[in-house]
Amino acid sequence: MLFDEPYYISINEARWTVAEKVLNELKVKHNLALSSCLDVGCGPGWFAEKLVNWGVKVTGIDGRLELVEAARNRVANASFELVDVESKTAMSSLSKADLVFAFGLLYHTENPFRVIRNLHSLTEKVLLIESQIIPGDNPITWLVEEGKNETQGLTHHALIPSRSCLLKMLQVAGFAYVYEYLGKVDHEDFIETETKYGRRGIFLAAHEKLQGQDLVECPQITTPKYEFHKS
Ligand SMILES: C[S@@+](CC[C@H](N)C(=O)[O-])C[C@H]1O[C@@H](n2cnc3c(N)ncnc32)[C@H](O)[C@@H]1O
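Quick caveat: nothing in here was measured; it's all calculated off a predicted structure.

What counts and what doesn't
Residues numbered from 1 in each chain as written. Predicted model: local features only at pLDDT ≥ 70, side-chain atom pairs only at ≥ 80, totals over all residues. Heavy atoms only, no water. Buried < 20%, exposed > 50% of the residue type's maximum accessible area, 1.4 Å probe, protein only. Helix = DSSP H or I, 4+ residues; strand = E, 2+ residues; numbered from the N terminus. Arc of directions from axis to C-beta. Phe/Tyr/Trp six-rings, centres within 6.5 Å; stacked < 30°, edge-to-face > 60°. Lys NZ or Arg CZ within 6 Å of the ring centre and 35° of its normal.

**Q** Would you mind going over helix α3 (residues 65–74) with me for this structure?
**A** Residue pairs spaced three or four apart in an α-helix point in one direction, given the helix's 3.6 residues per turn. Listing the buried residues of α3 in full gives Leu67, Val68, Ala70 and Ala71. One side of α3 carries all its buried residues, which in axial view fall inside an arc of 160 degrees.

Right under this line is the structure:
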């Protein structure tokens with residue numbers, strides 16, 4: 001399975017190091033009781049297993065049956081369901097979870113705003129989300145045709161948001177507090193160099209005010225109308 005190749009394992013390790021640190025901080029600093037977790041776009045369950053071992057009851061959802069079945073075989077102590085995260089109806093049939101965990105998913109969807117709204121409706125306390133983000137300040141999405149394999153979106157066409165677009169969608173969906181993780185993530189996809197933009201970010205969206213090392217609260221994003229006048 002592609003998910004087992006070294007690229008995926010190394011980026012997973014780097015992302016989990018940060019996710020675990022943030023979750024530990026929420027537990028210790030804020031006494032935030034996180035007992036249930038929805039792992040959205042869970043693939044064959046790599047993060048689900050980490051989350052179970054971290055001490056939370058996990059339900060994983062994915063839109064591909066073969067991945068749901070693989071996850072069921074790999075992670076005994078979690079449950080897994082076949083769900084299209086873009087569907088409001090399918091998502092509204094799920095129970096809310098204290099923690100919604102959405103790594104590697106959003107930028108594989110055709111309707112990321114719908115997905116964010118669906119995730120908001122299922123978040124009891126916090127949403128921890130990792131996504132590719134398009135560089136630049138404008139609140140835009142970028143349409144891509146994806147590779148045709150099981151790690152990608154269900155239709156293989158996806159809209160990747162810019163940072164400000166993602167923040168605004170989280171705010172409009174109803175999260176009162178949105179934070180960006182600005183600490184180090186030990187993988188090249190997260191690191192900007194002289195020749196390359198960083199292409200991923202990690203964000204925490206919450207209903208209550210939180211604090212964490214390297215978590216920076218994002219200001220309200222404004223999205224004025226497009227200026228059609230030529231300057
Ligand atoms: C890049 S993989 C990420 C897997 C895992 N979360 C990780 O970060 O390693 C994207 C996953 O999202 C799933 N996915 C993509 N679009 C989806 C949709 N609309 N509904 C449910 N799952 C979807 C894919 O099947 C795939 O398992």
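Once you've had a look at it, read on.
**Q** Help me out: how do you make sense of the packing of aromatic side chains in this one?
**A** For any pair of aromatic rings, the description consists of the separation of the ring centres together with the inter-plane angle of the planes. With the rule as written, the count across this model stands at 7 aromatic pairs. Between tyrosine 7 and tyrosine 8, the aromatic rings sit 5.2 Å apart at their centres with planes inclined by 85 degrees, giving edge-to-face as the arrangement. Relative to phenylalanine 47, the ring of tryptophan 46 lies with its centre 5.0 Å away and its plane at 75 degrees, an arrangement referred to as edge-to-face. The class for tryptophan 46 is partly exposed, based on a relative accessible area of 21%. Ring pairing ties together the aromatic residues Trp46, Phe47, Phe101 and Phe103, which thus form one cluster. Over the aromatic face of tryptophan 54 sits the side chain of lysine 27, whose NZ or CZ is 4.5 Å from the ring centroid. Across the ring face of tryptophan 46, the terminal group of lysine 50 is positioned such that the distance to the ring centre comes to 4.9 Å.

Note that all results are geometric; they support no functional claim without further evidence.
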